[in-house]
Amino acid sequence: MQLHQLHYFVTVAETRHFTRAAAQAHVAQPSLSQQIRALERELGAELFHRARGHIALTDAGEALLPLARRILADTETARREVQEVVQLRRGRVRLGATPSLCVGLVPDVLRAFHDRYPGVELVVHEGGSRDLVRVLAAGELDLALVITPLPGQGPALATTELLREELVAVTSPDAPAPGSRGRLKVADLRDQPLVMFRRGYDLRELTTAVCRAAGFDPVFTVEGGEMDAVVGFVRAGLGLAVLPGMAAVRSGLRVTPFEGPGLHRTISLAHRKDVEPPRAARELQTVLGEHLAAASRAGELPPRTRLLG
């Protein structure tokens, strides 16, 4: 039994006419008839009642028809899936991520993806979560790593929670350790000069919010920097900064956790609900999940950082 025989059989069953079926299948009518006969011999049963001007399915034909359609449909699905995999030799993925994630998570994930699909172009857009959502909604990104929950999140946006990450305090290795017993309370930030990110950073808003919830406004010695600048200012001894755990361990600065339950943020992957991400983007999502799972099993995630979902 061969696929082209099943295709000819289904075409005859749908047209109820050998000549029209042959024309639709782009094959000579004698050849089509010959292949149908060969299929019948293979199955040991006639599939059609043949009468001049009238073609009808036998009981055996009726039984075969839904199975043949399913086989042909599955074959087409397999062909398309393979073609999509082949197409990953080329293509593009547009990923948005917050600055701290571009430092702490994204490089390793993109390296793993590039090793697997070296022909796929990677485009990274760095920005705050609100900006990333706007760019994503405009169709200029395929995926975005954002901090959730997002205020005013629209119904057209789908988010999947990936990671609950601890936030820590970082200071210069040459400066006195903040807090006591190797830990820090949010209230201790009242007496600490802070190095603060520019407006629009999720970390700026979160740090300011927790300080105000503790009853005080934080004091900034330097503000307005990007991630690299903030790390540099802290290393120079200009003050303390609050960073995510993954970024902090790469900074080379002294890391001091907050007393439990501590400070955390939720990292989510977002895409538009009304547009399915392209295959390359879906593969990047798979690589991201594999990377996080492997890091968790190997104990490579910062303390008190855990996978979600």
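Above this note sits the structure.
Summary of the structure given here. (Residues numbered from 1 in each chain as written. Predicted model: local features only at pLDDT ≥ 70, side-chain atom pairs only at ≥ 80, totals over all residues. Heavy atoms only, no water.)

### A word on the overall build of the protein chain
Phase 1: Along its length, the protein chain carries 11 helices and 12 strands.
Phase 2: A compact globule built from 309 residues should have a C-alpha radius of gyration of about 19 Å, whereas the protein chain, at 30 Å, is more than 25% larger.
Phase 3: Each of the three principal axes of the protein chain carries a C-alpha extent, and together these read 100 × 35 × 35 Å.
Phase 4: Burial status across the protein chain gives 44% buried among its 309 residues.
Phase 5: Here the contacts in the protein chain between residues at least 6 apart in sequence split such that 75% fall between residues at least 24 apart. (Helix = DSSP H or I, 4+ residues; strand = E, 2+ residues; numbered from the N terminus. Rg over C-alpha atoms; globule rule 2.2 N^0.38 Å. Buried < 20%, exposed > 50% of the residue type's maximum accessible area, 1.4 Å probe, protein only. Contact = heavy atoms within 4.5 Å.)

### Focus: the nonpolar core
Phase 1: Ranked by internal contacts, the top residues of the largest apolar core, which has 29 residues, are Leu101, Leu105, Leu145, Leu284 and Leu288.
Phase 2: Within the residue set of this core, elements represented by two or more residues are strand E3 (92–97), helix H5 (99–104), helix H6 (106–116), strand E5 (143–148), strand E6 (157–171), strand E11 (263–272) and helix H11 (279–297).
Phase 3: The greatest single-element share of this core, amounting to 7 residues, is contributed by H11.
Phase 4: Those residues in contact with leucine 101 that lie beyond four places of it in its chain are Val106, Pro107, Leu145, Met246, Arg265 and Ile267. (Core = buried A, V, L, I, M, F, W, Y, C linked by side-chain atoms within 4.5 Å.)

### Here we look at the pairing of strand E7 (residues 193–197)
Phase 1: With 4 of 5 residues buried, E7 lies mostly within the body of the structure.
Phase 2: Pairing of E7 with strand E8 (residues 219–225) involves 5 bridges; the strand directions are parallel. Across the sheet, phenylalanine 197 pairs through a bridge with glycine 225, a residue of E8.
Phase 3: Following the chain from E7 across helix H8 (residues 202–213) to the adjacent parallel E8, one finds a crossover that is right-handed. (Pairing = 2+ DSSP bridges. Right-handed = clockwise from strand over helix to strand, strands pointing away.)

### Comments concerning the packing of helix H1 (residues 3–15) against helix H3 (residues 29–43)
Phase 1: Running from N to C, H1 and H3 cross one another at 110 degrees; their axes reach a closest spacing of 9 Å. For the element pair H1 / H3, the angle class is roughly perpendicular. Together, His4, Gln5, Leu6, Tyr8, Phe9 and Val12 of H1 and Leu32, Gln35, Ile36, Ala38 and Leu39 of H3 make up the contact between the two elements.
Phase 2: When its residues are assigned to classes, the contact of H1 with H3 shows 8 nonpolar, 3 polar and no charged. (Axes fitted to C-alpha atoms, helices over the stretch in contact; angles between N-to-C directions. Parallel < 35°, antiparallel > 145°, perpendicular 65-115°, else oblique. Nonpolar A, V, L, I, M, F, W, Y, C, P; charged D, E, K, R; others polar.)

### Description of the side chain of threonine 305
Phase 1: Mapped onto the fold, threonine 305 is located in the loop between H11 and strand E12 (306–307).
Phase 2: When its relative accessible area of 10% is taken as the criterion, threonine 305 is described as buried.
Phase 3: At 3.3 Å, the side chain of threonine 305 and the backbone nitrogen of glutamate 166 are in polar contact.
Phase 4: Residue contacts for threonine 305: discarding those within four places in its chain leaves Leu163, Arg164, Glu165 and Glu166. (Polar contact = N/O pair within 3.5 Å; in protein donor to acceptor, adjacent residues only side chain to side chain.)

### What to know about the pattern of salt bridges
Phase 1: Summed over the entire model, instances satisfying the criterion amount to 17 salt bridges.
Phase 2: For glutamate 40, the salt bridge is made with arginine 50, and the minimal N-O distance between the two is 3.2 Å. Residue glutamate 40 is located in helix H3, and its partner arginine 50 is located in strand E1 (residues 48–51); the two are separated by 10 residues in the primary sequence.
Phase 3: In this structure arginine 50 comes out as partly exposed when scored by relative accessible area, which is 31%.
Phase 4: Of the charged contacts in the structure, one is a salt bridge between arginine 116 and glutamate 290, with a shortest N-O distance of 2.8 Å. Taken together, the residues arginine 116 in helix H6 and glutamate 290 in helix H11 connect sequence positions 174 residues apart.
Phase 5: Accessibility expressed as a relative area gives 40% for arginine 116, which makes it partly exposed.
Phase 6: Connected through shared salt-bridge partners, Arg37, Glu40 and Arg50 make up one network. (Salt bridge = Lys/Arg side-chain N within 4 Å of Asp/Glu carboxyl O.)

### Comments concerning the environment of arginine 116
Phase 1: A C-alpha to C-alpha distance of 32 Å links arginine 116 and leucine 150, two positions 34 residues apart in sequence.
Phase 2: The contact partners of arginine 116, leaving out residues within four places of it in the chain, are Val287 and Glu290.
Phase 3: At a separation of 2.8 Å, a polar atom in the side chain of arginine 116 contacts the side chain of glutamate 290.

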